[in-house]
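# Geometric and topological summary
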Amino acid sequence: MNIVLQGVTVTNWSKDPLLKLNTTQRRKLDNVIVTSRRMTADSLKLLRDYRSKRVVKSVDAQMAKDYFGSGEYVKEALDKYFGITKASPTFDADLDAIIAKLATTDGGLQAPFAIVVGNIHDGDDIRDGIRDAFHEVAQGQFSAAIASLKFIRTGTEGWVHGGHALKRIHLNVNSLDSESDGKVARIIVHEATHKFAGTVDVAYKWDNLKHNAGGHANLINNADSYAWACRLMWKRKRNLPSGS
Ligand SMILES: [Zn+2]
């Protein structure tokens, strides 16, 4: 299979030579690609507006609010998924770093790239994932290896193989059948931050990521923080219901 949707080349995994997307799955993936691009573009716009607001506010608070609004979606997303608030002394530097990483991700996503789809429950794919993890152990990258193994255990939605030159985005085809457009787009955004902006997996949402309850360090470089924050800002900006 080798199809092009929205300028994105979609192939199947080498272990899945018989997999072909049906009409419904193709339409879904088409929408998901469009949605993932909206998600990063919407979020980037909100974050940049909020950054401008911070600058204007130092001169004229009322003007900043009148022109840029409250910034409430940004504040909610940063607090919830990056664990940072205005009270933090490094807030502006963190905000700049997040904007820079998201800008790189958005630039990559808006251009043509490649997605590989397949069935994660195939034994070979699980073995590949474990092999990759042991490769990481051999290179002394223990936290990366643990993250890889944890991801396999908890049911992989997608991944980017960091050791592979192409760093292609892999997507579990089951996600297309079972998840909303926004949720699959969130997976694409997660993987795109690995691919284009070099993020790592510090913590997934289920690792007490919310409000950084887990006390994680360096969430500025955490893929899932970007994925969930972008979905939240996109949802709020477009006034979409929960579950979108
Ligand atoms: Zn990841």
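Note that this is a predicted model, so its numbers are computed, not measured. (Residues numbered from 1 in each chain as written. Predicted model: local features only at pLDDT ≥ 70, side-chain atom pairs only at ≥ 80, totals over all residues.)

### Thoughts on the overall build of the chain
Looking only at helices and strands, the chain features nine helices and five strands. Across the chain, helices and strands are ordered from the amino to the carboxyl terminus as β-β-α-α-α-α-β-α-α-β-β-α-α-α. Residue burial in the chain is summarised as follows: out of 244 residues, 36% are buried. For the chain, the share of sequence-separated contacts (at least 6 apart) that also reach a separation of at least 24 residues comes to 67%. (Helix = DSSP H or I, 4+ residues; strand = E, 2+ residues; numbered from the N terminus. Buried ≥ 20, exposed ≤ 12 C-beta atoms within 10 Å, placed from the backbone. Contact = placed C-beta atoms within 7 Å.)

### Quick notes on unusual backbone geometry
Despite not being glycine, Gln-6 shows a phi value in the positive range, around 55 degrees. Among the secondary structure elements, Gln-6 is positioned in the loop between β1 (2-5) and β2 (8-12).

### Focus: the environment of Gln-110
Inspection of the secondary structure puts Gln-110 in helix α4 (residues 91-110). On the basis of neighbour counts, which here come to 13 C-beta atoms within 10 Å, the residue Gln-110 falls in the partly exposed class. Residues Gln-110 and Arg-38, spaced 72 residues apart in sequence, show a C-alpha to C-alpha distance of 9.2 Å.

### Some remarks on the pairing of β2
Pairing between β1 and β2: four bridges, direction antiparallel. Across the sheet, Asn-2 pairs through a bridge with Thr-11, a residue of β2. In this structure, β2 lies alongside strand β3 (residues 114-118), joined through four bridges in parallel fashion. Counterpart to Asn-12 in the pairing with β3 is Val-117. (Pairing = 2+ DSSP bridges.)

### Examining the sheet that holds strand β4 (residues 158-160)
Read across the sheet, five strands follow the order β1-β2-β3-β5-β4 without closing on themselves; strand pairing throughout is mixed. The strands lining the two open edges of the sheet, one partner per strand, are β1 and β4. Sheet twist, expressed as the mean angle between neighbouring strand axes with direction ignored, is 25 degrees. On the sheet, helix α1 (residues 23-57) packs against β1 and β2 and is oriented at approximately 45 degrees with respect to β1. Here helix α8 (residues 181-197) sits on the sheet and contacts β4 and β5 (169-172); the angle it forms with β4, its principal contact strand, is near 10 degrees. (Axes fitted to C-alpha atoms, helices over the stretch in contact; angles between N-to-C directions.)

### Re the confidence of the model for the chain
Close inspection of predicted coordinates is inappropriate in any region flagged by low pLDDT. When pLDDT is averaged across the chain, the result is 88; 86% of the residues are at 70 or more. Mean pLDDT values for the elements of the chain range from 62 in helix α6 (residues 142-153) up to 98 in helix α3 (residues 72-82). (pLDDT = per-residue confidence, 0-100.)

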